[in-house]
Amino acid sequence: MMLRWLLGRLAGAVPTLLGISLVLFLVVHLAPGGPMDVYADNPSVTPAALERIAEAYGLNRPLPVQYGLWLKSMLVGDWGYSIRTGRPVLVEMAERLGPTLLLGGVAMGAALLLSLVLGVVAAARAGQWADRIISGLALVGLSIPVFWLALVLQLVFSVWLGWLPSGGLQTIGVEAVGDRLAHLAMPATVLAVATTASWSRYIRAGMITALGQDHIRTARAKGMGEATVLVRHALRNAIIPAVSIIALDLASVISGAVITEAIFGWPGIGSLFVQSMDGRDYPVLMGILMMGSAAVILANIAADLVQARLDPRIRHV
Amino acid sequence: MFDRRVTVGLALLALVTAGVVLGPLLSPYRYDEQSLDLLGRPLPPSPAHWLGTDELGRDALTRLLHGGRISLAVGLIGALVATAVGTAIGALAGYMGGWTDRILMRLTDVMLSIPALPLVLVIAGLVRPAPLLLVMIIAGLIWTAPARLVRAEVRSLKQRDYIAAARTLGAGPLRIIVRHVVPNTLGAVAVSATLAVGGAIMLESALSFLGFGVQPPTPTWGNLLNKAGPWAVSAPWLSIPPGLLILVTILAVNMIGEGLQRRR
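Residues numbered from 1 in each chain as written. Chains lettered and ligands numbered in written order. Predicted model: local features only at pLDDT ≥ 70, side-chain atom pairs only at ≥ 80, totals over all residues. Heavy atoms only, no water.

Colleague: Before we go on, may I ask you to explain the overall build of chain A in this structure?
Modeller: Counting secondary structure elements, chain A contains 13 helices and zero strands. Counting from the amino terminus, chain A carries its helices and strands in the arrangement α-α-α-α-α-α-α-α-α-α-α-α-α. Principal axes of the C-alpha set define a box for chain A whose edges measure 85 × 60 × 35 Å. Here chain A holds 317 residues, and 45% of them are scored as buried. In chain A, the share of contacts with a sequence separation of at least 24, taken over all contacts with a separation of at least 6, comes to 70%. Of the roughly 15700 Å² of accessible surface on chain A, 67% is carried by carbon and sulfur atoms. Taking the average location of the 22 positive side-chain charges in chain A and that of its 18 negative ones, the two points are 15 Å from each other. (Helix = DSSP H or I, 4+ residues; strand = E, 2+ residues; numbered from the N terminus. Buried < 20%, exposed > 50% of the residue type's maximum accessible area, 1.4 Å probe, protein only. Contact = heavy atoms within 4.5 Å. Areas by Shrake-Rupley, 256 points an atom, 1.4 Å probe, with all protein chains shown as cover. Lys, Arg positive; Asp, Glu negative; His and termini not counted. Charge placed at Lys NZ, Arg CZ, Asp CG, Glu CD.)

Structure follows, in structure tokens:
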């Protein structure tokens, strides 16, 4: 039963993925200059050479034919070559995936822990000062531009206090856990702030709904401790609506934290994206966008699975 | 009668708006006026230049307030267009149902699945848009939230008796949507429009910060931060204020949205 539901959902994702590929294809090919623009800007490339390049890449064929060919090669795992480095797109992306997952994993882990604590405390103290402070901070966290937060943190902790390195994955030649953590601290904080703000609001809202239900009154009436009631009985229900948004944010880790990675010189997918922007390296850009979109679609399905596990009333027949 | 957050948010927003509208008019400097005496490197705040000058000797405060005009305009117009498009698509999908609904919602899913900032970066990088086109690109990305919201509202409104009555009296779908359905979704639309303002300002400033949004010499809060980047250490008076104003503006907008939501 479950397997059939899963297969159905995956099949349903196919048209969405096709739609995404079409949108991305059109964006690149309908832009002024199209994919050839990078060569057209170069004065040393003659019109004859332009024609040869177009011929070689199949860019002089009708658009629907080009789309079909592109889609076919994407499907068989041939994602093309980077214009900037000449290396396969998939190799370029694979190299950057490690740092991105490390940064995203640490940031999202911290955000999950923090938002659970903050959300539960705010809901348990709804309307009181603890809730007001947490909710106020959450609203500020949602409103801070990440690039500015990153600049301010760099200014304070690297320049003025000199406590943390201002960027990079690690100090060259140093292989120590402490050094890695020092480099992770600021980018992970920047990433975690907005995420924590958003998640804690969902968890707070879910907890307030959950705490108003009958079984909570029953649990309290039975004399259960407040901590048990909050965590075992309320949180389990409160987290169900938050799962969808958490899954989406987790999926967005894959396409890299574009701004944060760029500012902190973190060698992940996000800075690969920004570097590829400068060189108009559209095979890499398309690759990252396709992978990011696919991750979002899979995360949606995963969220539904988790929600069904947490709430037996949600059945997938 | 208003939630206190709405009052505070509106007051903050009014303050910022008054500042960016009046500031450049009252300032003795133009936003692109260079001073040859001060050329070379940024100078710290002084009685003549309250927020200092940039490396071209331009008055930072004047540029900050002038940049705010562009940032606010992009945010407001972008949100307006996105909300109008989203409301139209959501109402159509929700009211018509069937194939119209399926196709429009599939389109919404597609747009929601593509990572927003990278996509808008690619489009802006390829097109190199003027501010007005940039507004349209941003609106083209953020219409999905109001569309989903309005669709859900319309689907529940559709079941009401007064809609059935209008239909019985011979009103066509377009008339019912425009006269009877959309006006009743305005509460929900107002909330999502408010949040869209924040989203649009954030996207524009992120784009301009990365150098793919509004291009200098036209200042916006985002590209002021971009230009201040190399001077972040030696001239923090150039990089702190633009970000602070983005923060205050988006916070104000979010407070209004939050307060409106609570009242519904």
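Colleague: Quick question: what am I supposed to make of the confidence of the model for chain B here?
Modeller: The predicted coordinates ought not to be read in detail in places where the model reports low pLDDT. Summing up the model confidence of chain B, the mean pLDDT is 84 and the portion of residues at 70 or higher is 95%. Here the prediction assigns the complex a pTM of 0.85, and the interface score ipTM is 0.84. (pLDDT = per-residue confidence, 0-100.)

Colleague: What should I look at first to understand the interface of chain B and chain A in this one?
Modeller: It is common to give the size of an interface as the accessible area that goes away when the parts come together. Taken residue by residue, the interface counts 39 residues in chain B and 40 residues in chain A. Here chain B meets chain A over a buried area of about 3500 Å², counting both sides, of which 78% is carbon and sulfur. On the surface where chain B and chain A come into contact, there are one salt bridge. Measuring nitrogen to oxygen at the nearest pair gives 3.0 Å for the salt bridge that ties Glu258 of chain B to Arg201 of chain A. At the junction of chain B and chain A, the tally comes to seven residue pairs in polar contact (both at pLDDT 80 or more). Listed by contribution, the elements that provide at least two residues to the side of chain B that touches chain A are helix 3 (98–113), helix 4 (116–127), helix 8 (173–209) and helix 10 (236–263) of chain B. (Buried area = accessible area lost by both parts, 1.4 Å probe. Salt bridge = Lys/Arg side-chain N within 4 Å of Asp/Glu carboxyl O. Polar contact = N/O pair within 3.5 Å; in protein donor to acceptor, adjacent residues only side chain to side chain.)

Colleague: Looking at this structure, how should I read the packing of aromatic side chains?
Modeller: How two aromatic rings sit relative to each other is given by the distance of their centres and the angle of their planes. Residues and elements named next belong to chain A. Under the definition given, this model contains five aromatic pairs over all chains. Aromatic pair Phe25 and Tyr67: ring centres 5.2 Å apart, planes at 65°, arrangement edge-to-face. Taken together, the residues Phe25 in helix 1 (residues 2–30) and Tyr67 in helix 4 (residues 63–75) connect sequence positions 42 residues apart. Residue Tyr67 is classed as buried on the basis of its relative accessible area of 15%. (Phe/Tyr/Trp six-rings, centres within 6.5 Å; stacked < 30°, edge-to-face > 60°.)

Colleague: Quick question: what am I supposed to make of the nonpolar core here?
Modeller: The tendency in soluble globular proteins is for nonpolar side chains to be buried as a group. Core analysis: the largest hydrophobic core is formed by 91 residues, its most contacted members being Phe147 of chain A together with Leu121 of chain B. Among all residues touching Phe147 of chain A, those that are not within four sequence positions of it are Ile259 and Ile263 of chain A together with Ser205, Ala206, Phe209, Leu225 and Ile246 of chain B. Counting residues in each nonpolar core, the second largest holds 28 residues, with Ala188, Ala192, Val229 and Ala238 of chain A among its members. (Core = buried A, V, L, I, M, F, W, Y, C linked by side-chain atoms within 4.5 Å.)

Colleague: Help me understand the pattern of salt bridges, please; the structure alone is not making it clear to me.
Modeller: Note on pairing: side chains with opposite charge can pair once their charged atoms come close. Taken as a whole, this structure holds 11 salt bridges over all chains when the rule is applied. With its nearest N and O atoms 3.7 Å apart, the salt bridge here joins Glu258 of chain B to Arg5 of chain B. Taken together, the residues Glu258 of chain B in helix 10 and Arg5 of chain B in helix 1 (residues 4–26) connect sequence positions 253 residues apart. Overall, the relative accessible area of 23% leaves Arg5 of chain B in the partly exposed class. Arg155 of chain B serves as the salt-bridge partner of Asp101 of chain B, at 3.5 Å between the closest nitrogen and oxygen. In this pair, Asp101 of chain B is assigned in helix 3 and Arg155 of chain B in helix 6 (residues 144–157), connecting sequence segments 54 residues apart. You can call Asp101 of chain B buried: its relative accessible area is 8%. In the salt-bridge network here, residues are joined through shared partners; they are Arg87, Glu92 and Glu95 of chain A.

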